[in-house]
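Inside the fold
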Amino acid sequence: MPSVTLFTFITPAKLGAGGWSPLDTNRNQWLQVDLGSRKQVVAIVTQGRYSSSDWTSKYRLLYSDTQKNWRPYLQDGNIWTFEGNVNSEGVVRHELQHTILARYIRFIPVEWSREGRIGVRLDLYGCSYYVISFDGHGVISYRFRSKKVKIMKDVISLKFRTTARDGVLLHGEGQQGDYISLELRRARLHNQYGSIQGHTSVTSGSLLDDDHWHSVVIMRYRRNVNFTLDHHTQQFRTNGEFDHLDLDYEISFGGLPVSVKPSSGGRENFVGCMEGITYNGDNITNLVRRKKVDTSSFRNLTFSCAESSSVSVFFNSTSFLRLPGQTYSDTLAVSLSFRTWNPNGLLMYTTLADSWVELGLTEGKVTFLMRHDTKKLRLNDGLWHSVHLTALEYYAMLTVDGDEASTVRTTIPIYIQTGGTYYFGGYFLNTNTGSVQRSFQGCMQMIHVDDHPADLRAVEQGLIGSFENVSLDMCAIIDRCVPNPCEHSGRCSQTWDTFSCNCNGTGYTGATCHTPMYQQSCEEYKHQGKSSGSYWIDPDGSGPIAPFRVSCDMTGEIGCERDGRVSPVHFLMRFWAWHSAEYCEQYVAYACRMSRLLNTPDGSPFTWWVGRANERHSYWGGSGPGIQKCSCGIEHNCTDHKYYCNCDADLRSWREDAGLLVYKDHLPVSQVVVGDTGRAGSEAKLTVGALRCQGDRNYWNAASFSSPASYLHFPSFREETSTDISFYFKTSSTHGVFLENLGTTDFLHIELRGVSVCSVVFFSFDVGSERVELSVRSPVPLNDDQWHRVEAEKNIKEAVLQLNGQYREVRHSPPQGHTKLEYYSDLYIGASSGQRGFLGCMRALKINGVTIDLEERAKVAAGVNPGCQGHCNSYGMHCRNGGTCVEQYNGYSCDCSLTAYDGPFCTDDVGGYFETGTLVRYDFPPEAGAVALREVKSLSSVGVPSEANLTQEQLVFSFSTSSAPSILVYISSRTQDYLAVVLRHNGTLQIRYSLGGLTEPYTIDVDHRNMANGQPHSVNITRNLREIRLQVMSTYTLPEASDTQLNLVKSIFLGKVFETGQIDPILIERYNTPGFVGCLSRVQFNSVAPLKAALRSGLASPISTHGILVPSNCGASPLTISPMASASDPWYLEAGIISMVIFTVLCIMVFVIRHMFRHKGSYHTNEAKGAESADCADAAIIVNDPAFTETIDESKKEWFI
C-alpha cells in the first residue's frame, strides 16, 4: 500500500484555530468532504472548535463516489457510531476497522456539547487508488510466462463495485479440467474450484449490487483455501485429491476469455469497476495502466468509475415521499425498483377522481388495487425488484422484474381518472383515505410517474413534492444474515430491524443457536440417572464440533459407534471424546494366512496404524508404544517363539493377533495400512473396534475455596459475539463472588448474594458505557451444601442467566446488539477486587465449551485445594434399592454388594432361569450366621436381632413360570422352623410359616389368581413378631400359640429343596418334584442376596448350584400403576369382560408360542452349546442367547403381590 497521507479539511487538529460549526444545531446537519479523487481512508481524527464550548461527542460517517449513493460506515454488522470529543481541545483518533474507499465523506453529528453547539476540527488519513471500468465487453487477459502452469499456491485480491447482480469477475481453466472462477450470482459472490476429481463452490456476501466497493482476497495453498469478502473469511478445503491447479496460459478478469465462451452457458461479463487487482504478487491494475497486459477487447478503456444515473431513496418506518403527476388523465403509469427485507409495506398510493389505487407488498408479494396477487415468489429478499403498474380506462396491468410472461392483467370496476398526487413509502399524514397505511422500510430508485423519471433533486430542494424522514442519495440496507449470526449452521431469516435463527436439526438452541442441547459426556447423563443406551453427546459444548451419537455403558464406559477408518471430521469427534476421558481403549485384530504383520523380530513392519496427530505406530493390540510386538510377544505364547506376533510366522493356516490399544495419547485409530498382501495365497482380515472411553475428568474437575480472600487466576480471553459460562457449585456461605474478569472499560461478574430467606445469583457485564445486570432468585437458600448449576450466556440477541436448569432470566439486547468486548485482564475465580470471594466447592467450569482446569491451578494457589468431597449429599438419592453411596475423589459410586441388584445405581435386576431340577442353596455358617444376618438392615429397614433367632425378617423376590406345583423359596433352620413360598397345583401362591408351638404350619393361601401364567410377579413378605404383611397391603397374624422366632437360620433354597434332617413331608410330596422351572430374580432375605451370590462367581459366599442356571431378569420391571384393586385382597383384579377376553387371548398365545418353541427345539439343540443338558428348547435357546430374556422384557408386565 502507498504511504498514508494526511488530508486536512477543517483546520488541522492540534494545530490551528477555527473549525466547523453549523448555524442550526440539530440532527439534520452534516459536513461533506470532497477528497478530489477516490482515496482509501484509514483513520479519522477529531477535535472541538477552537477555544469554544462547541464539540461533537458522537458521530457517524457516510461515504460515496458520486454524491448520489451514500453508504453508512459499518462495524460488527451495524451502522457504527464513533465516540467523539468531550471538550474542545482534546484529540480523538479512530483507526478504521474497515478502510473506506470513496471520494466523498460525510460527517454526521449525532450528539454534541450540552454547553454549546455542534463543532469539529477534522483530519482524515489515507492514500490514492486507481480504478478500471468494465462495460460488459472488455476482459483483461493476464498471460503467464509459460503456456501451462502448475500452481500450488494462489493469492488473488481485488475490489469491485457494481449495480449488476450477475457477472464473472475472474476465470481461469486448463486442458486437464482444472479451473478457478469468481462470479456474482444474484448479488452473491461464488468462488469455485474444480478438477476432474471434484468441484467445490463457496458462496459469500449478499446485496453486492449496491454500487459500493467490496474487497475480495483469495488465498489457496494446495487444497486449503481462505476466501475473504469485506473482511469476513471462510476457510474450506477443495474436493478431490489435487494439490496443484493446472491452468493454461492465462487468467482473465472481468469475464470469460473468447476461447471458453462456447461452453460458458450464457454467463455474463462483469459490468462495473475494479481496482487493486493483484495475482500472486503481480499488480494487474498497474500493468493495465502501463499497457503490459492484453486489453484489446475493451471498446473504451477508462480509469474512472462512471456515476450511476439512478438515485436511491431510503425509507424508515416513518417516511414518505410525495411526487406530483398528471391530473385528470385517463392513464396511470408508475414504475419503480425497490429492495427490502420486510414482507409487508405500501410502495405507492394515489387518489383517483372517485377512488384510490395502492401498490404494496403483502407477504412478500406485490399487490395492487383489490389485493390482486402476483404469481411471483416472495420479493422481500433484499434484492432490487422492478415494478411497473399501468391502468387505462377499465383495465390494469402489473409487471414485476420486467418479466412479461408473469404480467398480471385484469379488469377494474372503475374508470381511471388520476388525482395528480402520488405517495411513496406508505407513511403519509393528513390524508383522508381508505387505504391501510403500512409503512415501507427499504430503498427505492428509478421512480417513474406518468412514464417520466422523478426529479428527486428538485424534491430535495423543495421545488416540487415533499418528503418526510427520507434519506436521498443512499440505501442503508443491511444484510443481518451475512455473515450468518446463527451459529452451528442455524438458518437465518430477517426483517428490516432484526434477525431470527431457526435451530431445528442443529443440536443447539437459543437466540443464536449457541446453546448445546446435549450433554458433554456419558458421565453427565449417568449422573442424571440415565440408564445405558445410545445418546448424543457434544464434548466441546458450544464449540464448533457438532454433536455425535455414542453408546453409553453407565457402568463407566462410552463407545463411539463408528469403527475402522474415520474421516477427519469423525477423527475430531473422537479426539474430543478422548480428551476428557480418564481411560480409553480400542480393539484391533489381524487374522492372517501367509500375511505377516509387524515382521518381527528385526524387520520393518509390513503393517502400521495411524493415530492422533497423524502419527504412525508399529505396535499392536496388547502391546505398548515403542515395542514392536503383539500381545503374544508380550506374554511369550506366540505360535512360533522366534517371532513376536502369530502372523509373523507366515503359516498357511489361519492365525490371529488381537488385543487392546490402551495408550490414550495415540488413540483413536484413524487409518491402518496393510502391506503384506501381494503374494499368492496371502489372505488377511482386519478388525478395528470402536473407541471406548471411561470417565470424564472435565465433569469432576473441581477446586475447594477455604478463604474468602482466596482465588484462582487465569490468562485473559477474548469475548466472541457469543460467550457462555457454566459451572457447578456448593457452599454453606450466603454470599460470595464466583468469578470476575475486569477490563479497562468492560468487565464480567457472577456473584451469589443471600437475601432474606432466599438466594440470588447475579450476572453483570459492561459493554462500553452500558451496564447490563441479570439476576435469578432461588425460592430456597443455596447455601445448603448441595450441588447447584449456574449457566450464563451473552450473544448479540440476548443475555441469559439460568439456575439449576429451571430458574431463568432473559434480557434482550438493543436492536444493534451487544458489540464484542475488548480484551480483559486476568480471569479470577473468586474475588480479586477486595470483595468477599466464594467459599465452598466449584467444578466443571466451562467458558465457550472449554473446561477451565481448576484442579491444576489450585495446586499452586493459597487457600484453594484441588478436588471436592461430599458428592453423596447431592447425588446419593440415585443409589436405589438399598444401595450405599460411596464418596470418591472425582465423584461417587453406588455400592450394591448388600442388595439383590446390580448396575451403577443398583437398579439392574439380577436373576436366573431355572431348568427342571435346578436349585440354588445358600448356607449360613453356624458361628457366623447371626453376624451375617444382623450386620445390615434389610431393604425395608427392618432390624435384625442380635441373636440368630429372628423375630422379624423380610423376603423379597420376583418370579415367572408356567409350571406348577413348585417350591419358590425355602428357608430352613437348625431346628424344625422354616419359611416356604410355594406354588400349588392350581398355580395359586401359598406362604407357609412353621415357627414352633403349632401342630401344623401356619399357611396363607392366595386363592384368587393363577400365578403360573408366564407373567412376572413380585413378592414382598415382611414379618414382625406375629404380624405378617404381604406387599404392604395385606396383613395376617400368627396364632397366639405360635412361636415368634425363626430359630437358628441355616439355609436358603431356591427352586427346590435338597436337605438332610426332618422336613415338612407335605412340601416334599406335593411341591418339590419335579422342581421349579422358570425365572427367579431380585431374591433378598434381609441383607442376604443368595441368587446374586450364585450368579456372581467373583463373590466369596457359601453358595452351591445344582443344574443349569442361566442369568435372566425374568422380564421384571416395576409398575407405575398397580393393578391391584382391593387392599384386603392384593390378587383381586377388578376388570371388565373386555379385559378378561384380552387376558384369555394372551394366555392362549403364550402357550401356543411356547408349544411352537418346544416343537422346534430338537432342531436347535444339536447346534446349541449346553443343549444336551437342557430339558427343553426354551432352556437351550436361553443358555446360548442371553438377549432372549430381553425379548421377554418387552412383552411382559409385572404384577406386584
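Residues numbered from 1 in each chain as written. Predicted model: local features only at pLDDT ≥ 70, side-chain atom pairs only at ≥ 80, totals over all residues. Heavy atoms only, no water.

**As for the overall build of the protein chain**
Within the protein chain, the secondary structure is distributed over 13 helices and 83 strands. For the protein chain, with 1201 residues in total, the buried portion stands at 52%. Here the analysis covers contacts within the protein chain between residues at least 6 apart in sequence; of these, 69% occur between residues at least 24 apart. Accessible area for the protein chain stands at about 53,200 Å²; split by element, carbon and sulfur atoms hold 50% of it. (Helix = DSSP H or I, 4+ residues; strand = E, 2+ residues; numbered from the N terminus. Buried < 20%, exposed > 50% of the residue type's maximum accessible area, 1.4 Å probe, protein only. Contact = heavy atoms within 4.5 Å. Areas by Shrake-Rupley, 256 points an atom, 1.4 Å probe, with all protein chains shown as cover.)

**A look at the side chain of Asp538**
Secondary-structure assignment places Asp538 in the loop between β42 (533–537) and β43 (548–553). The buried charged residue Asp538 lacks any salt bridge, with Lys846 as its nearest oppositely charged partner at 11 Å. Among residues more than four places away in sequence, those in contact with Asp538 are Tyr508, Pro516, Tyr518, Gln519, Gln520, Ile545, Ala546 and Pro547. (Lys, Arg positive; Asp, Glu negative; His and termini not counted. Salt bridge = Lys/Arg side-chain N within 4 Å of Asp/Glu carboxyl O.)

**Focus: the sheet that holds strand β17 (residues 198–204)**
The antiparallel open sheet is built from 6 strands, whose spatial order is β11-β22-β14-β15-β16-β17. The open sheet is flanked by β11 (140–143) and β17, the only strands paired with a single partner. Between one strand and the next, the sheet's axes are offset by a mean angle of 15 degrees, whatever the strand orientation. The sheet contact formed by strand β14 (residues 167–173) and strand β15 (residues 179–185) spans 6 bridges and is antiparallel. Each bridged residue has a counterpart across the sheet, and for Gly167 the counterpart in β15 is Leu184. (Pairing = 2+ DSSP bridges. Axes fitted to C-alpha atoms, helices over the stretch in contact; angles between N-to-C directions.)

**Quick word on the packing of aromatic side chains**
Considering all chains together, one arrives at 34 aromatic pairs under this definition. Aromatic rings pair up to connect Phe705, Phe727, Phe729, Phe738 and Phe838 into one cluster. For the cation-ring pair, Lys629 lies above Tyr644, with the distance from its terminal atom to the ring centre recorded as 4.5 Å. In this structure, Arg753 is placed above the aromatic ring of Phe762, and the distance from its NZ or CZ to the ring centre is 3.7 Å. (Phe/Tyr/Trp six-rings, centres within 6.5 Å; stacked < 30°, edge-to-face > 60°. Lys NZ or Arg CZ within 6 Å of the ring centre and 35° of its normal.)

**A few points about a nonpolar patch on the surface**
Judged by side-chain polarity, Tyr583, Tyr587, Leu660 and Val662 come together as a nonpolar surface patch covering roughly 310 Å² of accessible area. As for its placement among the helices and strands, Tyr583 is situated in strand β45 (residues 583–593). Note on Tyr583: relative accessible area 31%, which makes it partly exposed. (Patch = residues over 30% accessible without salt bridge, like charges linked within 9 Å, V, L, I, M, F, W, Y side chains within 5 Å.)

**Focus on the environment of Asn1086**
Following the sequence through the fold, Asn1086 ends up in the loop between β80 (1078–1085) and α10 (1090–1095). Separated by 64 residues in sequence, Asn1086 and Thr1022 place their C-alpha atoms 9.6 Å apart. For Asn1086, the side chain forms a polar contact with the main-chain nitrogen of Gln954, separated by 2.9 Å. (Polar contact = N/O pair within 3.5 Å; in protein donor to acceptor, adjacent residues only side chain to side chain.)

**Quick look at the UniProt feature "domain: EGF-like" (unreviewed entry) in the protein chain**
The feature "domain: EGF-like" (unreviewed entry), as annotated in UniProt, sits at residues 477–514 and 869–907 in this numbering. The distance from the first to the last C-alpha atom of residues 477–514 is 26 Å, and the span holds 0% helix and 26% strand. (UniProt positions renumbered as here; feature names shortened; annotations may be inferred.)

**Looking at the sheet that holds strand β74 (residues 989–994)**
One open sheet holds the 7 strands; their spatial order is β75-β74-β73-β72-β79-β70-β81, and the pairing between them is antiparallel. The sheet is open, and its two borders are formed by β75 (1002–1006) and β81 (1103–1106), each paired with just one other strand. Geometrically, the sheet is characterised by an average inter-axis angle of 10 degrees between neighbouring strands, direction not taken into account. Taken together, the 5 bridges between β74 and β75 define a ladder with antiparallel strand orientation. Paired with Gln990 across the strands is Asp1005, a residue of β75.

**A word on the pattern of salt bridges**
Scanning the entire structure with this criterion turns up 32 salt bridges. The residue Lys1092 makes a salt bridge to Asp902 at a minimum N-O spacing of 3.6 Å. Of this pair, Lys1092 sits in helix α10 while Asp902 is found in strand β67 (residues 901–902), placing the two residues 190 residues apart along the sequence. What makes Lys1092 buried here is its relative accessible area of 5%. Asp1005 is paired through a salt bridge with Arg984; the nearest N and O atoms lie 3.6 Å apart. Of this pair, Asp1005 sits in strand β75 while Arg984 is found in the loop between β73 (978–983) and β74, placing the two residues 21 residues apart along the sequence. Residue Arg984 is classed as buried on the basis of its relative accessible area of 18%.

**Observations concerning the nonpolar core**
Core analysis: the largest hydrophobic core is formed by 41 residues, its most contacted members being Phe957, Phe959 and Leu989. With residues near it in sequence (within four places) discarded, Phe959 still touches Leu968, Leu983, Leu989, Met1011, Gln1015, Pro1016, His1017, Val1019, Phe1076, Cys1079 and Leu1080. (Core = buried A, V, L, I, M, F, W, Y, C linked by side-chain atoms within 4.5 Å.)

**Digging into the pairing of strand β27 (residues 345–352)**
For β27, the tally of buried residues reaches 7 of 8 residues, placing the bulk of the element in the interior. In this structure, β27 lies alongside strand β28 (residues 356–362), joined through 6 bridges in antiparallel fashion. Counterpart to Met348 in the pairing with β28 is Leu359. Note that β27 and strand β34 (residues 418–424) share 4 bridges and pair antiparallel. Considered in β34, the bridge of Thr350 is made with Tyr422.

**Concerning the confidence of the model for the protein chain**
Taken over all residues, the pLDDT of the protein chain has a mean of 80, while the share at 70 or more is 81%. Across the protein chain, element-level confidence peaks in strand β7 (residues 82–83) with a mean pLDDT of 94 and bottoms out in helix α13 (residues 1188–1195) with 35. For residues 11–15, every residue scores under 50 in pLDDT, and the model assigns this stretch 13 contacts once sequence neighbours within four places are set aside. Here residues 1117–1139 scores under 50 on pLDDT; set against residues more than four positions off or in separate chains, the count is 33 contacts. (pLDDT = per-residue confidence, 0-100.)

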